[in-house]
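Observations on the model geometry
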There are 2 protein chains.
Amino acid sequence: MNPNWILQRAHVTPTRRALIFEDQSWTFEEIKNISVHRAKQLATLGVQHYSRIAIIGPSQPRLIFMMYACMHLQCEMVMLNRKLSKEELQYQIEDAGVEVVLVDDEDISLIPENTPHLLFTTIESSEATSINIHNEWSNEQTISIMYTSGTTGFPKGVRQTVGNHQASALSSVLNIGLSEDDVWLCVVPLFHISGFSILVRSLLYGNQVKLYKKFDKEQCVNDIAKGNVTHMSVVAVMLERILQGLEEKDSQASPKFKLILAGGGPVPVHYLERASRLNLPVSQTYGMTETSSQTATLSNQDAFRKIGSAGKPLFFNQIKIANSTMPNEEGEILIRGPHVTPGYIGRFSDKSSTIDGWLHTGDIGYLDEDGYLYVLDRRSDLIISGGENIYPAEIENVLMSHEAVREAGVCGVEDDVWGQVPAAFVVLKTTITEEELLQFCRGKLGKYKIPKYIYFVPSLPRNGSNKLMRRKLKEYIM
Amino acid sequence: MNPNWILQRAHVTPTRRALIFEDQSWTFEEIKNISVHRAKQLATLGVQHYSRIAIIGPSQPRLIFMMYACMHLQCEMVMLNRKLSKEELQYQIEDAGVEVVLVDDEDISLIPENTPHLLFTTIESSEATSINIHNEWSNEQTISIMYTSGTTGFPKGVRQTVGNHQASALSSVLNIGLSEDDVWLCVVPLFHISGFSILVRSLLYGNQVKLYKKFDKEQCVNDIAKGNVTHMSVVAVMLERILQGLEEKDSQASPKFKLILAGGGPVPVHYLERASRLNLPVSQTYGMTETSSQTATLSNQDAFRKIGSAGKPLFFNQIKIANSTMPNEEGEILIRGPHVTPGYIGRFSDKSSTIDGWLHTGDIGYLDEDGYLYVLDRRSDLIISGGENIYPAEIENVLMSHEAVREAGVCGVEDDVWGQVPAAFVVLKTTITEEELLQFCRGKLGKYKIPKYIYFVPSLPRNGSNKLMRRKLKEYIM
């Protein structure tokens, strides 16, 4: 049994500041009161305990209050990604079988028509019904569901339980430490585990979150240089912009600033060197939706000694390489621990997430002789673009649904800004222009998944069993 | 599933310093290697996985290595209190049905004759057998067993599981924070939960422990004033001596020193005032063997605002007052959470430790309107003398076993040095001197339990149902 984090945190440290947004702030007691009230308003509108709902909105306090209200009702929250197309969202809403989508009014145009929904303003102006809010949660209760794509191109809804989130937050605190005056800057999306885990940690640790609606380089640099914040999570593309911002201003990180956690793909070594000159501690981390955030993190002290490594497993986690008996042998990365998802929902609900308790990530890597993890290739030709995961199969499926297309293959190509962007290789049946094909994709894929390049080719590289060899695609353009 | 703490800590931070004793120190890697070797030596001598053993020895590194060796073997360790009499130890050894007692050579005279035992030197010089050390522990596995007396006077062996210890350490870190350079000074006995929990925290947090063989005022004051240590656990009598030591030297606590956790009974308010003048942060805490250490802790900031309070529950814990519906209502203190023991061993193994998941402490207290706990009376007329719990019934049982004694009643009386000491009230059948009676007690009770005062009285105060009213005893001497 675990406490209802929101009630317990407000009980333990009611007057501590919990959230800062623009020129407003809220204590844990205030956040509890607002979220309990929202839960009662949701109840009035028919949202019941333990129901499965979806939620979408920009990063603002009202989104956090709404999420916490759902947590009071012990709902399973499907976190919808604002960057997806309507078709992609439609798939998730249907696959999850959600009862209703809670939508920030700003985002109403993002969701498919005819989706049963409640606008945030409707909820916020509703009457409040008296309800029973439980002050204990079980370990097994699903709090959040996030969709992640697989090799098939069909996104899978990953369960993240109370126990998963708690283990992740507690493992992390044993790694990076904790002080009462820590302030986490949240510029990553709340619908991703990178953002939501900042909220979870805040509730467990009792520390402040400073929330931005969007990543803002100038503001970020200012907060880091002045020491208004102590920690933040970023993807490589954000880190680069922060470094640039500090360099432009000839500024340095404040000594009060403690740590940048850099995840969502590898961080180029020269970023680390620049960060070091700017007095900015950076720890590379390796994690995923299925592990409710970090699994391994490289300490800042080891940054140069173990260049390119994602570090050691966090305290409650184990990492091994499949079929490997020696250090430095490459193979699939396997993960075990209380932070690993118990499984999926919807069409993949029968699929087990682990084999003998081990999550098979599909990622390729090795452990060196000191036990440091090096991630060589993200799973299944995964493309990571600005921290967003893109699975080639998803884009290929869309391209191949066009009647002019016979075959399609997608791979990631290097990009100075985003790390990687998707490039498509298409074998045609009948004539079509690049622009027509891109137009076709636009309604069906999130913007960041629209191929940056389309190459028309006579055939695709395939192996003996006719399987597409995506890694060979790159050779076409090199 | 949880990691074997010793292996995992050595894996995650092998080169960090783990232990300091006199002029020696050990890293986590070194401690792992020694303890694994000891486990293999124990195996040679016939100690098997999962067996129940007892352990006794002064606070020295070799005791810690031996405990960790037993933990590798997943033994249930009965922690024997060095201050008990042979008869008392005999009871525990028999009740627990231990296979063998591991004895530091220094303590061989403390254990009953004919006890199956292994001396530390025997173990340390034995051959090592190759064994399989598991790298995972289950939540339910019992790590330690500590005896605590009850109202009946028969001590109960309390199970403390992996999950109990972990929940306690993790709750505590969310309360007091963590920094990589924290150093806990351990001057409290390792056979008590106050001491053993310092070891558990060190393994989970990766921080250093500085161990003293015995409490030493001068050394303590020096370590605090110089900032050699950052945290320590004390009972009130030690706190007083530390304050005295700092005052005598006209010294102050170093700014590096972060916190004294003061448990094992109430701390007089003027100690807190003196500590404040000495720049020494003190947090009062309430906990017990059954909760694997702290359940509630008062933050230093609240020390004067909530004088006399033991604070708020730690994050994963809940506290309520039996049959109370309003703040400030007195009643029995009930505790719930993952740190609460699953139960007892030996003659009390059928007795449930909780009712509907709540531990009934027998202690009396109240929660104020802000949810702060005030402990008014420790359970069942418990006497706390220098941090050691003494149950009147234990002493009464011994006194009444003397043929000259008709009735006996024991209560605690104030003492400047120890907080409380036991006083006995005796109704005689036949004549006997005070000295003869004390001599009779000496073989049967630990020194600290020998009554400081014996009063011969014509009758004892009893209520309508003839139950001894121990609180009334004090009135005889006031």
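This report concerns the structure included in the present document. (Residues numbered from 1 in each chain as written. Chains lettered and ligands numbered in written order. Predicted model: local features only at pLDDT ≥ 70, side-chain atom pairs only at ≥ 80, totals over all residues. Heavy atoms only, no water.)

**Side note on helix H2 (residues 28-44) of chain A**
Residue and element names in this part refer to chain A.
- Taking 1.5 Å per residue, 17 residues should reach 24 Å; H2 reaches 24 Å between its end C-alpha atoms and fits that length.
- Restricting attention to buried positions, one finds in H2 the residues Phe28, Ile31, Lys32, Ser35, Val36, Arg38, Ala39, Gln41 and Leu42.
- Just past H2, the residue Gly46 takes up positive phi, approximately 95°. (Helix = DSSP H or I, 4+ residues; strand = E, 2+ residues; numbered from the N terminus. Expected span 1.5 Å × (residues − 1). Buried < 20%, exposed > 50% of the residue type's maximum accessible area, 1.4 Å probe, protein only.)

**So, the environment of Glu329 of chain B**
Residues and elements named next belong to chain B.
- Tracing the sequence through the fold places Glu329 in the loop between strand S18 (318-321) and strand S19 (331-336).
- Residues Glu329 and Tyr366, spaced 37 residues apart in sequence, show a C-alpha to C-alpha distance of 5.6 Å.
- Ignoring anything within four residues of it in the chain, the contact list for Glu329 reads Ile321, Ser324, Gly365 and Tyr366.
- At a separation of 2.9 Å, a polar atom in the side chain of Glu329 contacts the main-chain amide nitrogen of Thr325.
- Of the polar contacts made by the side chain of Glu329, one reaches the backbone nitrogen of Met326; its length is 2.9 Å. (Contact = heavy atoms within 4.5 Å. Polar contact = N/O pair within 3.5 Å; in protein donor to acceptor, adjacent residues only side chain to side chain.)

**Here we look at unusual backbone geometry**
All names here are of chain A.
- The phi dihedral of Asn279 is positive, around 65°, even though this residue is not glycine.
- As for its placement among the helices and strands, Asn279 is situated in the loop between helix H10 (269-277) and strand S15 (282-288).
- In this structure, Asn323 is a non-glycine residue whose phi angle is positive, near 60°.
- On the basis of relative accessibility, which here comes to 80%, the residue Asn323 falls in the exposed class.

**Considering the sheet that holds strand S10 (residues 156-161) of chain A**
Residue and element names in this part refer to chain A.
- Strand order in this open sheet of seven strands is S7-S6-S4-S5-S9-S10-S20, and the pairing throughout is mixed. If you trace the sheet from one side to the other, it starts and ends with strand S7 (117-119) and strand S20 (344-345), each paired once.
- As judged from the two bridges shared by S10 and S20, these two strands associate in the antiparallel manner. Each bridged residue has a counterpart across the sheet, and for Gly157 the counterpart in S20 is Ile345.
- On the sheet, helix H4 (residues 86-96) packs against strand S4 (52-56), strand S5 (76-79), strand S6 (101-103), strand S9 (142-148) and S20 and is oriented at approximately 140° with respect to S9.
- Set on the sheet, helix H7 (residues 193-205) makes contact with S5, S9 and S10; between it and S9 the angle comes to about 165°. (Pairing = 2+ DSSP bridges. Axes fitted to C-alpha atoms, helices over the stretch in contact; angles between N-to-C directions.)

**A short note on the interface of chain B and chain A**
- The interface of chain B with chain A comprises 32 residues on the first partner and 32 residues on the second.
- Taking both partners together, chain B and chain A bury about 2900 Å²; carbon and sulfur atoms supply 57% of that area.
- Counting the contacts that link chain B with chain A gives two salt bridges.
- Put simply, Glu136 of chain B and Arg336 of chain A hold a salt bridge, and the shortest N to O gap is 2.4 Å. (Buried area = accessible area lost by both parts, 1.4 Å probe. Salt bridge = Lys/Arg side-chain N within 4 Å of Asp/Glu carboxyl O.)

**Overview of a nonpolar patch on the surface**
- A cluster of nonpolar side chains, namely Val269, Phe304 and Ile307 of chain A, defines an oily patch on the protein surface of about 210 Å² accessible area.
- Within the fold, Ile307 of chain A resides in the loop between strand S16 (293-297) and strand S17 (312-313). (Patch = residues over 30% accessible without salt bridge, like charges linked within 9 Å, V, L, I, M, F, W, Y side chains within 5 Å. Areas by Shrake-Rupley, 256 points an atom, 1.4 Å probe, with all protein chains shown as cover.)

**Points about the pairing of strand S22 (residues 358-367) of chain A**
All names here are of chain A.
- With seven of its 10 residues buried, S22 lies for the most part within the structure.
- Judged from the four bridges that link them, strand S19 (residues 331-336) and S22 form a sheet pairing that is antiparallel. Paired with Gly331 across the strands is Gly365, a residue of S22.
- Between strand S21 (residues 354-355) and S22, which pair antiparallel one after the other, the connecting turn spans two residues, and Asp356 there sits at a positive phi close to 50°.

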